[in-house]
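An overview of the molecular structure
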Amino acid sequence: MSFKHKFLAYVALFDGTPKIFADVEPLFDAIYDDEYLQIDGTTLDKSQMRTIHKNCLSIGTRATLISFEPFASTNSITYKVRVVNERVDFVIHMVGTVERGKLIRNKALYFSPAPLLQAKSTLNMYEVERKFQALLDVFDGTAKTGSELDAPFDDLIHQNFVNSMGLCKEEVRQQWKLFLSVATKAEMLSFSPFDGSHFSVEIGYSYQNGIQWKNTYHGTVDSSSLKLVKLSTRRMCRRQGGDCTKDKRPRGLLESTWILDDESEDVGSDLAKAVMPKLEGASERVVGAARIMLKLVTTPAASAKVHPCR
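All of the points below concern the structure found in this document. It should be emphasised that the depicted structure is a prediction, and the values quoted were computed from it without experimental measurement.

Some thoughts on the overall build of the chain
For the chain, the count of helices and strands is eight helices and eleven strands. For the chain, long-range pairs separated by at least 24 residues make up 56% of all intrachain contacts whose partners lie at least 6 apart in sequence.

Let's talk about the pattern of salt bridges
Under the counting rule described, the total for this entry stands at 16 salt bridges. The residue Glu25 makes a salt bridge to Arg50 at a minimum N-O spacing of 2.5 Å. Of this pair, Glu25 sits in helix H2 (residues 25-31) while Arg50 sits in helix H3 (residues 46-58), and the two are 25 residues apart along the sequence. One salt bridge in this structure joins Asp154 and Lys169, with 3.2 Å as the shortest N-O distance. Of this pair, Asp154 sits in helix H5 (residues 147-156) while Lys169 sits in helix H6 (residues 169-181), and the two are 15 residues apart along the sequence. Bridged by salt links that share partners, the residues Asp150, Asp154, Lys169, Glu170, Arg173 and Lys177 form one connected network.

Things to note about unusual backbone geometry
With a phi angle near 55 degrees, Arg100 is a residue other than glycine that sits in the positive phi range. Mapped onto the elements, Arg100 comes out in the loop between strand E5 (89-99) and strand E6 (102-108). The exposed category is assigned to Arg100, whose relative accessible area is 64%. A positive phi angle is found at Ala183, which is not glycine, with a value near 60 degrees. Looking at the secondary structure, you find Ala183 in the loop between H6 and strand E8 (185-193).

What about the packing of H5 against H6?
Relative to each other, H5 and H6 sit at 140 degrees, their axes nearing to 11 Å. Taken as axis vectors, H5 and H6 run oblique relative to one another. Where H5 crosses over H6, the handedness of that crossing is right-handed. In contact with Leu149, Asp150, Phe153 and Asp154 of H5, H6 contributes Lys169, Val172, Arg173, Trp176, Lys177 and Leu180.

Criteria and cut-off values
- Residues numbered from 1 in each chain as written.
- Predicted model: local features only at pLDDT ≥ 70, side-chain atom pairs only at ≥ 80, totals over all residues.
- Heavy atoms only, no water.
- Helix = DSSP H or I, 4+ residues; strand = E, 2+ residues; numbered from the N terminus.
- Contact = heavy atoms within 4.5 Å.
- Salt bridge = Lys/Arg side-chain N within 4 Å of Asp/Glu carboxyl O.
- Buried < 20%, exposed > 50% of the residue type's maximum accessible area, 1.4 Å probe, protein only.
- Axes fitted to C-alpha atoms, helices over the stretch in contact; angles between N-to-C directions.
- Parallel < 35°, antiparallel > 145°, perpendicular 65-115°, else oblique.
- Left-handed = near helix turned anticlockwise from the far one by under 90°.

Encoded structure:
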């Protein structure tokens, strides 16, 4: 089968119906060389293209071939494809080099690469958002032993992960299992990609007796695994239904802003009482990080930087 026929057959698979990438992967490998590189303002290799195509297929992307033309007496081709799904609608115009029957180089023909880069960013982050949601779904407000956390945690978190408190992957796993054991509930409030490797996510947490808090994180990914996360802001309310959105001033890295309801000076003390006994046997770094997270919730309002939630 010629390269053109393989390429046309592959594009036709993107017909708007969700598909499992494993079903089309042999044809993907028949088209893209192992040394493949794409240049369009950033550089993508075959592995990264695999992730993007997998994400496209999973959400039912439709690809329509507009043109496909070889350059006479060369191993180069040019093609245009329109890509449409629930997240993007754009046209790619590429010039590629074919060697040994496979595409080995591609370059985008754009006066400005912004549309393609924005679309690529959105698609590349779709898998990260999905994995993040699967992890947060474990935190449904019921106390658990922690084994339920392992599979989605390992699916999302990179082996070389580190957070802004300096905790590695296994230390963060301990910390998250700790809060899972005391019936913490977590909900993704927003997920915003900055580019193909960076995003911002806001997560709302709640604990019994109506204690709520929100954290905003900035994350860095490698392929579709979370490699670095930095806490940007933190806000807290005592009662469910309290307004935790009044203070929207920009905050520096790791600067915590807790907005506490003013009806109780020991807000959060019951959360601390539930969490701290479970720290026995944890590493000093995990204990220290947990204490930092709980510090302002266990500090009387008179001595903490407290803003009424109203």
